[in-house]
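Each chain, letter by letter, is given below.
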Amino acid sequence: MGRAEERRARQRGARRAAPRRSSGTPQNPGAGEPTTVIGSPSAAGGRAAARRAARAGGKGGDGKGRIRRLFTWKKILGTFLGFCLLGIGAFIALYLAVDVPKDNAAAQAAQRQSNVYKYSDGSTLARDGEVNREIVDLSKVPKKVQYTFVAAENKTFYDDHGIDLKGTARGVLNTLMGKGAQGGSTITQQYVKNYYLSQEQTVSRKLKEMVISLKVDRQMSKDDILAGYINTSYYGRGAYGIQAASQAYYRKDADKLSVAQGAYLAALLQAPSQYDWHAASDTGKRLVTNRWNYVLDNMVEEGWLDRSERQEMTKLPVPKEPRPTAGREGQKGYLIELANRQLEDQLMQEQGITRSQAEAAVVDQGWTITLNVDKKKQAALEKAVKAQLTGKLDKKKRKVDANVQAGAVSVDPDTGRIVALYGGEDYFKHYTSNATRPDYQPASTFKPVILAAALEESAETQSGKPIGASTVYDGTSKRPVVDANGDKVGFAPENEDDQDYGDVTVQTAMNKSINSVFAQMGVDVGMKNVMDVAGKLGMDTENEQAVPAQTLGTMGASPLQMAGVYATLDNHGKKVTPGILKKAEHNSRTVAIPDPIGEQVISSEAADTVTSVLTGVVDDGTARQSVANNPKRNGQKVAGKTGTSDDNKSAWFTGYTPDLVTSVGLFGEDAKTHAQTKMYGAGGFDRVNGGGFPAQIWAAYMFGVTDPDARFELDTDQGAAVQPTWTPTPTEEPMTEEPTEEPTTKEPTEEPTTEEPTEEPTTQEPTEEPTTEEPTDEPTDEPTGDITLDPVRPGNEQ
């Protein structure tokens, strides 16, 4: 190949290596353009220009390049380490700045101030808060009793450095987030809080607690810290320190305590009032027993107690009855206890603190607490109980009279305020408040809840008829209850004295408290729906089974709870949670008291229909003699329901006027053992019925403090308040006479009708027309015999 050909070949190769032109670039074949060869200096410059363009695009584009440069691993790690160094530096500065107070005894004594309790009008009810404390040397406390406190609160006490980093960090975080304390403090931290600091839930207090705890752990021995802890803790009953607690609960000095007794005192610290055996509910007793076992089991696990010795400790040593406390005589103690409990509840909700912390923040802390209790109504309620019950009981003549306990709560339905309360004969004589105890069955006072559920759920009978006041049911005693498929559910409750009523309306069934009707109604509504409505109205149904026997009121309830349920009905279905607190002030701080009136939990029509039906119980049913015909009645309009358990352990009347609700309960309790007992023969009567003592107490109180001109404003066209009722004669064969009974004395909101009920009986009930003849005996709401046909829960009331 000649030189000319080589030159032409090189030129062709150079043209093939040149970059292509953009299709959008105009071509100019006449112009002589230079050719760029890959790898030449001009190509390298092009790549550099491209990188500059990319960087420019990153600055002016979507910003992803900038984010990647800002959040590199090096910068994140550096920032984290920087914060750690700042935190360490701040903690070192705090550690150097905070000193352990030399002696806080005087300051601590100053913090213990009497609480002042006032009636709603501002007059003084009581001054409470005599501090009971005696310091003892740790050597006076048996070694194994010392271990009970370590086992209960802080098993690592002898090995830790005074703080629980996880627990403290969690506490600080929760405080910052407004959740309050969640536990986890060591014994050292609790001692520091009790002795050197306060119970307030702030970040600064928690940080001080941590620093002082570290220093205290270095400066003091573990025995000194433990001694300080058990000598400054609050045990309930006004007792501070183990010596005062030992005397308050077991009437002995601390050096005489057994391991089992020490374990109980150690268990108390978690919730002193709730775990006090003589004031505790069944739940409280179960919880403290569980904690008592937990303490002893931890001691075995740590080698502080022999397993064989532990196995002999099978029963919690029940403490002695509490001694009288100054300022709590008569009804004052019951009022103070409920006020303290509701204030503690509010502090727990606001700050997220534990029950023990809340108690420590309330007891002997210088609060001024104003109650909703009306001084005149309180006196009237106490007078009514004395005149209608305690003044008629003769403990010497009848032994059973010593076992009758009364409890009552009176609530304003418009505001939810507790205006009067009766907890027992005397706080010094009967420590447990009968007004708030939830361990006795409400019996037939539960029946209105079943009707409320039927109305709220628009329930129907087995034959598809809507359930209302005029719906007809079969009132035959012991009639088997059937489900929607027509199958028997294994429950057939007996009516009072085994009476058969034949066909009756719901109104009549409520008036006569006919068990068989409401047992079937509960299944028609659905027992889950019944229990749901009961919970909405204010009853504690969390651990209750939704079984047919519940229609007889077999769950536990207190007069406080039942007053709230009926107040919700009186308040047209808006939830009423009875509250005793009007105002609570501490120095410059005032606690926000929640509004007792809540949301609409059932419709106003359902609530008002139940109220209308309950006027029939008073005017034409089991409360007629004691309430409707009471000579003290001055025209007051009344709705209410009696209740008597079948074993006569409880008897109730819960009723209301348009302006006030009061629940009265009588309970049989052994005067010595406090076990539930039957009240047969009390007061000289064969049985204590809801229409007897309870209704008489209710009437004597209510007709002296309520407005006789107040009227129910009802959004309903059903029930005795707006329509006449009819009552059949108890008989095996239903009669066919036409109804002739006059309307009740309640003023109707519309013209009463005299037409026969138009609903056909359900497919399970007889079809004969009911009669209007009155039974010859006055209804007494007497209980039925034992009901044993429900395999799950036996019914036990009328």
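Residues numbered from 1 in each chain as written. Predicted model: local features only at pLDDT ≥ 70, side-chain atom pairs only at ≥ 80, totals over all residues. Heavy atoms only, no water.

Chemist: Quick one: what's the story with the overall build of the protein, residue by residue and with numbers?
Modeler: What the protein contains, in helices and strands, is 26 helices and 16 strands. The proportion of buried residues among the 798 residues of the protein is 53%. Contacts in the protein between residues far apart in sequence, at least 24 positions, make up 74% of those at least 6 positions apart. (Helix = DSSP H or I, 4+ residues; strand = E, 2+ residues; numbered from the N terminus. Buried < 20%, exposed > 50% of the residue type's maximum accessible area, 1.4 Å probe, protein only. Contact = heavy atoms within 4.5 Å.)

Chemist: Got a sec to walk through the pattern of salt bridges? Specific residues and values, please.
Modeler: Per the counting criterion, the structure on display carries 24 salt bridges. Measuring nitrogen to oxygen at the nearest pair gives 3.1 Å for the salt bridge that ties D160 to K222. Placement of the pair is D160 in the loop between helix 6 (143–153) and helix 7 (165–176) and K222 in helix 10 (residues 222–232), with a sequence separation of 62 residues. Among the ionic pairs, R341 bridges to E344, the shortest N-O distance being 3.7 Å. Here E344 and R341 lie together in helix 16 (residues 332–351), a separation of 3 residues that amounts to about one turn. Among the residues examined, E344 registers a relative accessible area of 3% and is labelled buried. (Salt bridge = Lys/Arg side-chain N within 4 Å of Asp/Glu carboxyl O.)

Chemist: Describe the sheet that holds strand 5 (residues 368–371), and please don't skip the residues or the numbers.
Modeler: With mixed pairing, the 5 strands of this open sheet are ordered in space as 2-1-5-11-12. A strand with exactly one partner marks an edge of an open sheet, and here the two such strands are strand 2 (124–128) and strand 12 (589–590). Relative to strand 5, strand 1 (residues 115–118) runs parallel, the two being bridged by 3 bridges. In the sheet register, V116 faces strand 5, and the bridge partner there is T368. (Pairing = 2+ DSSP bridges.)

Chemist: For the nonpolar core, give the residues involved together with the corresponding values.
Modeler: If you look at the biggest cluster of nonpolar residues, it comprises 87 residues, and the most contacted ones within it are L343, L371, F446, M521, M539 and I580. Ignoring any residue separated from it by four or fewer positions in sequence, one finds M521 in contact with I450, L451, A454, I467, Y473 and V506. Core analysis: the next-biggest nonpolar cluster, separate from the first, contains 54 residues, Y147, Y250, Y264 and A266 among them. (Core = buried A, V, L, I, M, F, W, Y, C linked by side-chain atoms within 4.5 Å.)

Chemist: I'd love a proper account of the sheet that holds strand 14 (residues 639–644), names of residues and values included.
Modeler: Spatially, 7-6-16-15-14 is the arrangement adopted by the 5 strands of the open sheet, whose pairing is antiparallel. The strands lining the two open edges of the sheet, one partner per strand, are strand 7 (418–422) and strand 14. Adjacent strand axes in the sheet meet at a mean angle of 5 degrees, parallel and antiparallel pairs treated alike. In terms of strand pairing, strand 15 (residues 650–657) meets strand 16 (residues 660–668) through 8 bridges, oriented antiparallel. (Axes fitted to C-alpha atoms, helices over the stretch in contact; angles between N-to-C directions.)

Chemist: Go over helix 11 (residues 242–250) with me, naming the residues and quoting the values.
Modeler: Along helix 11, 8 of the 9 residues are buried, which leaves the element largely enclosed by surrounding structure. Among the residues of helix 11, I242, Q243, A244, A245, S246, A248, Y249 and Y250 are the ones counted as buried. If you follow the buried residues of helix 11, they end up packed against strand 3 (132–133), helix 6, helix 10, strand 4 (239–240), helix 12 (259–268) and helix 13 (272–275). Backbone geometry just after helix 11 places R251 at a positive phi near 55 degrees.

Chemist: Lay out unusual backbone geometry with the relevant residues and their values.
Modeler: Backbone geometry at D497 places phi at a positive 55 degrees, although glycine is not the residue there. Relative to the elements of secondary structure, D497 occurs in the loop between strand 8 (472–474) and strand 9 (503–505). Positive phi values are uncommon outside glycine, yet S513 reaches one of about 55 degrees. Examined against the element boundaries, S513 turns out to sit in the loop between helix 20 (506–512) and helix 21 (515–525). Overall, S513 belongs to the buried group, its relative accessible area being 0%.

Chemist: I'd like a description of the confidence of the model for the protein, backed by residues and values.
Modeler: On average, residues of the protein carry a pLDDT of 81, and 73% of them reach 70 or more. Counting interchain partners and residues more than four positions distant, the pLDDT-below-50 stretch residues 56–61 has 2 contacts. The low-confidence segment residues 175–183 (pLDDT under 50) makes 25 contacts with residues lying over four places distant or belonging to another chain. (pLDDT = per-residue confidence, 0-100.)

Chemist: Go over the packing of aromatic side chains, please, and point to the residues and values.
Modeler: The geometry of an aromatic ring pair is captured by two quantities: the separation of the ring centres and the angle between the planes. Taken as a whole and judged by the stated rule, the model has 17 aromatic pairs. On the numbers, 6.3 Å between centres and 80 degrees between planes, the contact of Y147 with Y158 is edge-to-face. On the criterion of sequence distance, the pair formed by Y147 in helix 6 and Y158 in the loop between helix 6 and helix 7 is long-range, its members being 11 residues apart. A relative accessible area of 29% means that Y158 is categorised as partly exposed. We classify Y147 as buried; its relative accessible area is 17%. Among the aromatic side chains, those forming a connected cluster through ring pairs are Y147, F157, Y158 and W304. One Lys or Arg, K222, reaches over the ring of F157 and ends 4.7 Å from the middle of that ring. In this arrangement the basic side chain of R310 is found over the ring face of W292, its NZ or CZ atom lying 6.0 Å from the centre. (Phe/Tyr/Trp six-rings, centres within 6.5 Å; stacked < 30°, edge-to-face > 60°. Lys NZ or Arg CZ within 6 Å of the ring centre and 35° of its normal.)

Chemist: So what about the side chain of S626? Which residues, and what values?
Modeler: By secondary structure assignment, the location of S626 is in helix 25 (residues 624–628). A polar contact is formed between the side chain of S626 and the backbone oxygen of G691, at a distance of 2.5 Å. Among residues more than four places away in sequence, those in contact with S626 are G691, G692, A695, Q696 and A699. (Polar contact = N/O pair within 3.5 Å; in protein donor to acceptor, adjacent residues only side chain to side chain.)

Chemist: If you had to explain helix 24 (residues 604–620) to someone new, which residues and values would you point to?
Modeler: For helix 24, with 17 residues, the first-to-last C-alpha span of 24 Å sits near the 24 Å given by 1.5 Å per residue. The element helix 24 is extensively covered by neighbouring structure, given that 15 of its 17 residues are classed as buried. (Expected span 1.5 Å × (residues − 1).)

Chemist: Residues and numbers for the environment of G228, please.
Modeler: Within the secondary structure, G228 sits in helix 10. Taking relative accessible area as the criterion, G228 reaches 12% and is therefore assigned buried. With 92 residues separating them along the chain, G228 and V136 place their C-alpha atoms 9.5 Å apart.

Chemist: Pulling in residues and values, what's your account of the pairing of strand 2?
Modeler: Relative to strand 2, strand 1 runs antiparallel, the two being bridged by 4 bridges. Residue pairing across strands places K118 opposite T124, the latter belonging to strand 2. Linking strand 1 back to strand 2 in an antiparallel pair, the connection comprises 5 residues, with G122 at a positive phi of about 95 degrees.

Chemist: Outline the packing of helix 6 against helix 12, supporting the account with residue identities and numerical values.
Modeler: Across the interface, helix 6 lies against helix 12 with an axial gap of 8 Å and an inter-helix angle of 35 degrees. As for how helix 6 packs across helix 12, the hand of that crossing is right-handed. Side by side, helix 6 and helix 12 meet where K144, V145, T148, F149, A152 and E153 of the first sit next to V259, G262, A263, L265 and A266 of the second. (Left-handed = near helix turned anticlockwise from the far one by under 90°.)

Chemist: Mind laying out the packing of helix 19 (residues 447–456) against helix 21, listing which residues take part and the relevant values?
Modeler: Relative to each other, helix 19 and helix 21 sit at 35 degrees, their axes nearing to 10 Å. When the axes of helix 19 and helix 21 are compared, the crossing they make is left-handed. On the side of helix 19, the interface is formed by K447, I450, L451, A453 and A454, while helix 21 contributes N515, F518, M521, G522 and V525. The class makeup of the residues in the contact of helix 19 with helix 21 is 7 nonpolar, 2 polar and 1 charged. (Nonpolar A, V, L, I, M, F, W, Y, C, P; charged D, E, K, R; others polar.)

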